[in-house]
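Now for the letters of each chain:
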2 protein chains.
Amino acid sequence: MTRVSRRASNRREKQQRILTAAIQVFAEMGYSAATMERIAEAAHLSKPTLYQYFDSKDALFKAMMSAPRDRMMEVFDTPESTNHVAQLLSFARAYADIVMRPEYLSLARLIIGEAQRFPDVGRAYQASGPDRVLDRLITFMEAQKACGALQFDDAELAAQDFWGLILSAPRNRALHEPDNLPSAAQTARYVENGVRVFLKAYGVNSAQDLEDLAKLLNR
Amino acid sequence: MTRVSRRASNRREKQQRILTAAIQVFAEMGYSAATMERIAEAAHLSKPTLYQYFDSKDALFKAMMSAPRDRMMEVFDTPESTNHVAQLLSFARAYADIVMRPEYLSLARLIIGEAQRFPDVGRAYQASGPDRVLDRLITFMEAQKACGALQFDDAELAAQDFWGLILSAPRNRALHEPDNLPSAAQTARYVENGVRVFLKAYGVNSAQDLEDLAKLLNR
DNA sequence: CAAAAACTTTACTCATCAGTAAAGTTTTTG
DNA sequence: CAAAAACTTTACTGATGAGTAAAGTTTTTG
């Protein structure tokens, strides 16, 4: 005699299973090539049951795409540090960890590939992922400027530059070549270089920052 | 009595028309949603005729994708200048001009969206576009290091950084939001900022470089 | 345990689309 | 200029897949 009826919780659980299956199948095949039959199979239920949960393929796709997906914001779940160098490094590493995961890349490919046919999906993703990360980065940059650690005119450009320096070329390659992802070591090399170059260009006291960074990198 | 038979030249012209139509339709709809009927229509001929030129949808797609498309290398069709600042600026502008064009973005979305199902298409694109540009940039970077204008340990990282600084955030947004492209003025702002930051981090004599850049930007 | 609600299955409809057969048209060549 | 060759079109075939109807099965709950 559960308080929340078993039926209702089953329903929620199944809905979740469908969404998980959908994300897998859509990401693997693309919107058009994915079939409802296959999604049903992956969710371990039948097509008509699937249609009890979502009215159409389109509706399922949109529901799946607008399900909360805050992975990218995990970037900021790092212990606050008083040192801006350590903080930039940990942002950069967390960002790389998330963004270079195969599932995350598959999702990005799907969104980009369907951006023309599903403009609101693309917009929603941009708003809930990159834009939010950028906002937080801008806030961070401004704080560092205020306390005299970084210098720049335009915080938005500074934030974008930080971002662009970290992974842009390897991530682009990864989007084009799903089965040729860089190793963790290679990714680390790009990330560390990105932070180094950012500090060189934006640090008030770059020489000191680079020394600090070198120390952090040698444990 | 034409030397090259009328039939043969018609054939070549029609093949070209098909490839052009294919690129349009595929880029707009994606591989699966594009129909051979629609491509035929766009090429002003009928489906069976289309099949005389290409054996299958798959073959047409691959042929279209491996047609020479050297747009990106146009980046380097700029007058050689003795000044590395002017040269970097003109690379950056040429790159932005090409890469932010709607057709080029559509093609990139298509390639990324189908990268999982057509891995060789993704690989071929990476090899003939980004990789070639990167190679040329590396060569350039090394020459500038040799003549004492730039400093760095790793030319590949320097080239990637230059690239990442120019357009990475706005281009990513453009991939997600096809109908929210930045204006020419906005793009110019990103590009100019990118060059500035690159010089600050990599220039042997950054102060002078930044002055040179400022002069170039004010005509 | 019985009524009901949820779920599954079988077995469809209908539309779309890759690919083709065969008839019709144009171009080439003897 | 006429017959052959190449090309194009109209009108199909067959497969696939979105979505559904209706009958049968399990699970939940009173």
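Residues numbered from 1 in each chain as written. Chains lettered and ligands numbered in written order. Predicted model: local features only at pLDDT ≥ 70, side-chain atom pairs only at ≥ 80, totals over all residues. Heavy atoms only, no water.

Between two aromatic rings, the relevant description is the distance of the centres plus the angle of the planes. Here the structure, examined in full by the defined rule, presents 20 aromatic pairs over all chains. Ring geometry for B:Y31 versus B:F61: centroids 5.0 Å apart, planes at 75°, classification edge-to-face. Pair noted here: B:Y31 is in the loop between helix 1 (6-29) and helix 2 (36-42) and B:F61 is in helix 4 (residues 57-66), with a separation of 30 residues, a long-range link. No difference in accessibility class separates B:Y31 from B:F61, as the two residues are buried. Of the aromatic side chains, those joined through ring pairs into one cluster are A:F26, A:Y31, A:F61 and A:F118. Above the face of the B:Y53 ring, B:R11 is positioned so that its terminal group lies 4.3 Å from the ring centre. Sitting above the plane of the B:Y31 ring, B:K57 keeps its charged end 4.8 Å from the centroid. (Phe/Tyr/Trp six-rings, centres within 6.5 Å; stacked < 30°, edge-to-face > 60°. Helix = DSSP H or I, 4+ residues; strand = E, 2+ residues; numbered from the N terminus. Buried < 20%, exposed > 50% of the residue type's maximum accessible area, 1.4 Å probe, protein only. Lys NZ or Arg CZ within 6 Å of the ring centre and 35° of its normal.)

Before going further, it helps to spend a moment on the protein's contact with DNA strand D. Among the 21 residues in the neighbourhood of DNA strand D, the closest are listed as A:K47, A:Y51, A:K57, B:K14 and B:S46. A share of 61% is what sugar and phosphate atoms reach among the atoms of DNA strand D within 4 Å of the protein. Between a phosphate oxygen of DNA strand D and a main-chain N or O atom of A:K57, the distance comes to 2.9 Å. If you list the elements that add at least two residues to the surface near DNA strand D, you get helix 1 (6-29) and helix 3 (47-53) of chain A together with helix 1 and helix 3 (47-53) of chain B. Classifying every residue of the surface near DNA strand D by side-chain character gives seven nonpolar, seven polar and seven charged. (Near = heavy atom within 4 Å. Polar contact = N/O pair within 3.5 Å; in protein donor to acceptor, adjacent residues only side chain to side chain. Nonpolar A, V, L, I, M, F, W, Y, C, P; charged D, E, K, R; others polar.)

What follows covers the interface of chain A and chain B. When the parts of a complex come together, some accessible area is lost, and that lost area is often taken as the interface size. Opposite the 46 residues of chain A that make contact, chain B presents 46 residues. Taken together, both faces of the contact between chain A and chain B bury some 4,100 Å²; the carbon and sulfur share is 51%. Taken as a group, A:I112, A:Q116 and A:H176 account for 17% of the area that chain A buries against chain B, more than any other trio of residues on that side. At the boundary of chain A with chain B, the tally comes to eight salt bridges. (Contact = heavy atoms within 4.5 Å. Buried area = accessible area lost by both parts, 1.4 Å probe. Salt bridge = Lys/Arg side-chain N within 4 Å of Asp/Glu carboxyl O.)

Since the α-helix turns once every 3.6 residues, residues separated by three or four places project in the same direction. Residue and element names in this part refer to chain A. Here helix 9 (residues 155-176) contains 22 residues, and its C-alpha end-to-end distance of 31 Å stays within 8% of the 32 Å for a straight helix at 1.5 Å per residue. Along helix 9, the largest kink reaches about 55° and is centred on L167; proline P170 follows within four residues of it. When you tally the buried positions in helix 9, you get 19 out of 22 residues, the bulk of the element. A side-chain oxygen of the first residue of helix 9 lies 2.8 Å from the backbone nitrogen of E156; this N-cap is D154. (Expected span 1.5 Å × (residues − 1). Bend = angle between axes of the 7 residues up to and from the residue.)

Further remarks concern the domain arrangement of chain A. Residue and element names in this part refer to chain A. For chain A, the domain assignment lists domain 1 (6-66) and domain 2 (71-217). Here the C-alpha centre of domain 2 lies 32 Å away from the C-alpha centre of domain 1. Facing the 11 residues of domain 1 at the interface are nine residues of domain 2. Of all residues in domain 1, A27, F61 and M65 give up the largest surface area on contact with domain 2, accounting jointly for 50% of the area buried on that side. Put simply, domain 1 and domain 2 have two residue pairs in polar contact (both at pLDDT 80 or more) between them. Sorting the residues of the side of domain 1 that touches domain 2 by element identifies helix 1 and helix 4 (57-66) as the ones contributing at least two each. Along the lines of polarity and charge, the residues of the side of domain 1 that touches domain 2 split into seven nonpolar, two polar and two charged. (Domains from an automatic or database assignment.)

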